[in-house]
Amino acid sequence: MLRKHCCIITVSSKFAVFVFIRRRPFILKKTSLYAKLIVVNIMLNFKIDDFSVWEKLQKTTEPIIMYGTGNGADKVVDIFEGLNIKLSGVTASSGFVRERFFRGFPVKPLEYFEEIYDNFTIIITFGTSIPDVMNNIFSLAEKHRVLVPCVPVIGTEIFDRKFLEKHTDELNLAHSLLADDFSRKIFKGYVNFQFGGRIEILKEIETPESEVYENILSFNHNETFIDIGAYRGDTVENFVKQTNGKYKKIIAAEPDFKTYQKLIKNCEALENFTGVNAAITDFDGEIGFSSLAGRQSAVGGDNMIKSLSLPTLCKESEPSFIKIDSEGCEIDILKGGEEILMKFKPKMNVAAYHKSEDIFKLPILINAINPEYKIHLRHHPYIPSWDTLFYCV
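Right, let's walk through the structure included here. Small disclaimer: the values here were computed from a predicted structure and weren't measured. Each chain carries its own residue numbering, running from 1 in the direction its sequence is written. Totals for whole chains, interfaces and linings use all residues, but because this is a predicted model, local features are given only for residues with pLDDT of at least 70 and pairs of side-chain atoms are given and counted only at 80 or more. Hydrogens and waters are ignored; side-chain quantities use all the structure's heavy atoms.

## A look at the overall build of the protein chain
Logical step 1: Helix and strand definitions here come from DSSP, where helices need a minimum of 4 consecutive H or I residues and strands a minimum of 2 consecutive E residues; each element is numbered from the N-terminal end. Assigned secondary structure in the protein chain consists of 15 helices and 20 strands.
Logical step 2: Considering only residue pairs separated by 6 or more positions, the protein chain has 63% of its internal contacts joining residues 24 or more positions apart.
Logical step 3: Values of accessible area rely on a 1.4 Å probe in the Shrake-Rupley scheme; residue burial ignores everything except the protein chains shown. Surface summary for the protein chain: the accessible area is close to 19200 Å², and the carbon and sulfur share equals 49%. In what follows, residue pairs with any heavy atoms lying within 4.5 Å of each other are defined as contacts.

## Description of the sheet that holds strand 10 (residues 224-228)
Logical step 1: What the seven strands build is an open sheet, ordered 12-11-10-17-18-20-19; its pairing is mixed. Every other strand in the sheet has two partners, leaving strand 12 (273-276) and strand 19 (375-379) as the edge strands with one partner each. Neighbour to neighbour, the strand axes of the sheet diverge by 15° on average, direction disregarded.
Logical step 2: Helix 7 (residues 181-196) contacts strand 19 and strand 20 (388-392) of the sheet and is inclined by roughly 50° relative to strand 19. Following DSSP output, two strands are said to pair if at least two bridges run between them. Every axis in this analysis is a line fitted to C-alpha atoms, fitted for helices over the stretch in contact. Angles between the N-to-C directions lie between 0 and 180 degrees.

## Things to note about the sheet that holds strand 9 (residues 145-147)
Logical step 1: Here we have six strands laid out as an open sheet, ordered 6-7-5-4-8-9, and mixed in their pairing. Looking at strand neighbours, the two that pair on one side only are strand 6 (101-102) and strand 9, the edges of this open sheet.
Logical step 2: Relative to strand 9, strand 8 (residues 121-124) is paired through three bridges, and the arrangement is parallel. Each bridged residue has a counterpart across the sheet, and for I122 the counterpart in strand 9 is V146.
Logical step 3: Across the sheet, helix 3 (residues 71-83) lies against strand 4 (64-67), strand 6 and strand 8, angled at about 155° from strand 4, the strand it touches most.

## Structural notes on the environment of I186
Logical step 1: Tracing the chain through its elements places I186 in helix 7.
Logical step 2: With 192 residues separating them along the chain, I186 and R378 place their C-alpha atoms 6.6 Å apart.
Logical step 3: Residues contacting I186, with those up to four places away along its chain left out, are I205, L377, R378 and H379.

## Notes on the nonpolar core
Logical step 1: We call a set of buried residues a nonpolar core when its members are Ala, Val, Leu, Ile, Met, Phe, Trp, Tyr or Cys and they connect through side-chain atoms within 4.5 Å of each other. Buried residues are those whose accessible area, probed at 1.4 Å on protein chains only, stays under 20% of the maximum for their type, while exposed residues exceed 50% and partly exposed ones sit between those limits. L171, F187, I228, L310, M348, I359 and F390 are the most contacted members of the largest nonpolar core, which totals 90 residues.
Logical step 2: Other than its neighbours up to four places away in sequence, I228 contacts A253, I280, L310, L313, I322, K323, I324, D325, S326 and I333.

## Regarding the packing of helix 6 (residues 161-177) against helix 15 (residues 358-369)
Logical step 1: Where helix 6 contacts helix 15, the axes come no closer than 8 Å and their chain directions differ by 45°. Of the possible angle classes, the one that applies to helix 6 and helix 15 is oblique. In this structure, the crossing between helix 6 and helix 15 has a hand that is left-handed. Between helix 6 and helix 15, the residues in contact are F163, H167, E170, L171, L173, A174 and L177 and I359, F360, P363, I364 and N367, respectively.
Logical step 2: Three classes are used: nonpolar for Ala, Val, Leu, Ile, Met, Phe, Trp, Tyr, Cys and Pro, charged for Asp, Glu, Lys and Arg, and polar for all others, with Gly counted as polar. Taken together, the residues of the contact of helix 6 with helix 15 break down into nine nonpolar, two polar and one charged. Orientation labels follow simple angle bins: below 35 degrees gives roughly parallel, above 145 gives roughly antiparallel, 65 to 115 gives roughly perpendicular, and whatever is left gives oblique. Two helices that cross are described as forming a left-handed crossing if the nearer one is turned anticlockwise from the farther one by less than a right angle, and a right-handed crossing if clockwise.

## With respect to unusual backbone geometry
Logical step 1: Omega for the bond connecting I383 with P384 falls within 30 degrees of zero, at 5°, which places this linkage in the cis form.
Logical step 2: In this structure, P384 sits in the loop between strand 19 and strand 20.
Logical step 3: At N84, a position not held by glycine, the phi torsion is positive, near 60°.
Logical step 4: As for its position among the elements, N84 is in the loop between helix 3 and strand 5 (89-91).

## Section: the packing of aromatic side chains
For any pair of aromatic rings, the description rests on two quantities: the centre-to-centre distance and the angle between the ring planes.
Logical step 1: The pairing test for Phe, Tyr and Trp rings, Trp by its six-membered ring, is centres within 6.5 Å, and the orientation test on the planes gives stacked under 30 degrees, edge-to-face over 60, and tilted for anything in between. On inspection of all chains with the given rule, the structure shows 16 aromatic pairs.
Logical step 2: Taking 5.2 Å as the distance between ring centres and 80° as the angle between the ring planes, the aromatic pair formed by Y112 and F113 counts as edge-to-face.
Logical step 3: Taking relative accessible area as the criterion, Y112 reaches 34% and is therefore assigned partly exposed.
Logical step 4: Ring centres 6.2 Å apart and planes at 50° place the aromatic pair Y213 and F219 in the tilted group.
Logical step 5: What links up through ring pairs into an aromatic cluster is the set Y213, F219, F225, F239, Y247 and F321.
Logical step 6: Sitting above the plane of the F51 ring, K59 keeps its charged end 4.9 Å from the centroid. Charge-over-ring placement is defined geometrically: NZ (Lys) or CZ (Arg) within 6 Å of the ring centre, and within 35 degrees of the ring normal.

## Digging into the pairing of strand 12
Successive side chains on a regular strand alternate, one facing one side of the sheet and the next facing the other.
Logical step 1: Where strand 11 (residues 249-253) meets strand 12, four bridges bridge the pair, whose relative direction is parallel. From the neighbouring strand, I250 faces strand 12, where its bridge partner is F273.
Logical step 2: Seen with its strands pointing away from the viewer, a crossover is right-handed if its path from the first strand over the helix to the second goes clockwise. The handedness of the strand 11 to strand 12 crossover, carried by helix 11 (residues 257-267), is right-handed.

## Side note on helix 6
Logical step 1: In this model helix 6 runs 23 Å from its N-terminal to its C-terminal C-alpha over 17 residues, within 8% of the 24 Å that 1.5 Å per residue would give.
Logical step 2: One axis fitted to the seven residues ending at a residue, another fitted to the seven starting there: the angle between these axes is the bend at that residue. Its axis deflected by about 70° at H167, helix 6 carries its strongest bend there.
Logical step 3: Taken together, the buried positions of helix 6 are occupied by R161, F163, L164, H167, T168, L171, N172, A174 and H175. One fewer than the residue count of a helix, multiplied by 1.5 Å, yields its expected span.

## Regarding the pattern of salt bridges
Logical step 1: Salt bridge, as used here: a side-chain nitrogen of Lys or Arg that lies within 4 Å of a carboxyl oxygen of Asp or Glu. Tallied over the entire structure, the rule returns 15 salt bridges.
Logical step 2: Across the pair K47 and D50 runs a salt bridge, and its minimum N-O distance is 3.8 Å.
Logical step 3: On the accessibility criterion, K47 (57% relative accessible area) is exposed.
Logical step 4: When the shortest N-O distance is used, the salt bridge between R378 and D180 registers 3.7 Å.

Structure, rendered in structure tokens:
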């Protein structure tokens, strides 16, 4: 680990000598790319890949085959064009191939590329938590080079070398704030996966959700659950299961009206349940909303809907457990709910994967609001690194 003020590190006479002053490198001799890479790894308090996934794809001589044709694939192709990365073909899962084109490429079955190429790199550009689909992708990694160029669900800042260099201190701080060794291992793996894109890293850091209820979260029969981003009621259903149907109150907020209607229908038999059709942010009023589908629905757009702050949502309640999965509004919700976190210190489940910076901004903010929180990190089975969550107790 680096000293606080100054540490001299000799990389190699072949490469360079670096002097670190207040954690910033000053190059004393002309250096190679490899030596620069060593600087990034030294500046972080943990080891990552030498090259980002984008750098790996820039320098590969193999054909690059894109697996996936959705919104994420569009984002990746746009980035490829800016980085001059050549795409050689597009494939999809069985049943999604059909006779169609994506970004000018005919969508072909994977077997087609296996026949015409001896070796090629597959890039995964869609998300899934379906076990059979995930197992198929991991099986592909045993036969081919499989990489995942991660793009954020919300925002445009990718987890590349420039991002790491910009946020090194914040990443180190967030890593140090985690409550247990396993959380720190997951944090390292998550950062390395986002940066280097190796699919096998996800296998190494994933845990079933049941592990959380064994080691982190526990409930009693007097819980008040606030579900922010309740979708169709899946987390409400899980909460009821974990409490054996014995709880004090459930308040579930969902901004998309059609999804909210399904939430109400799915939860109509529950006692002490209140549904709220609003976006939860850091203020009360109205906010623009884009109502598309699933992860593409988010704050920002021409459709004006009701906005509530966390204190207003909890006005007549004392929350004991809060889940926040709000497609990129997590930071704003926590800032607006500072008094709730200070006064009640509710257990929390907060999504960590919507924006590239969430992985460090969220634990730093939570610790700043209430330093008594123990912050744990878990990644549940999902490709790419979605369903990566902070559990705070």
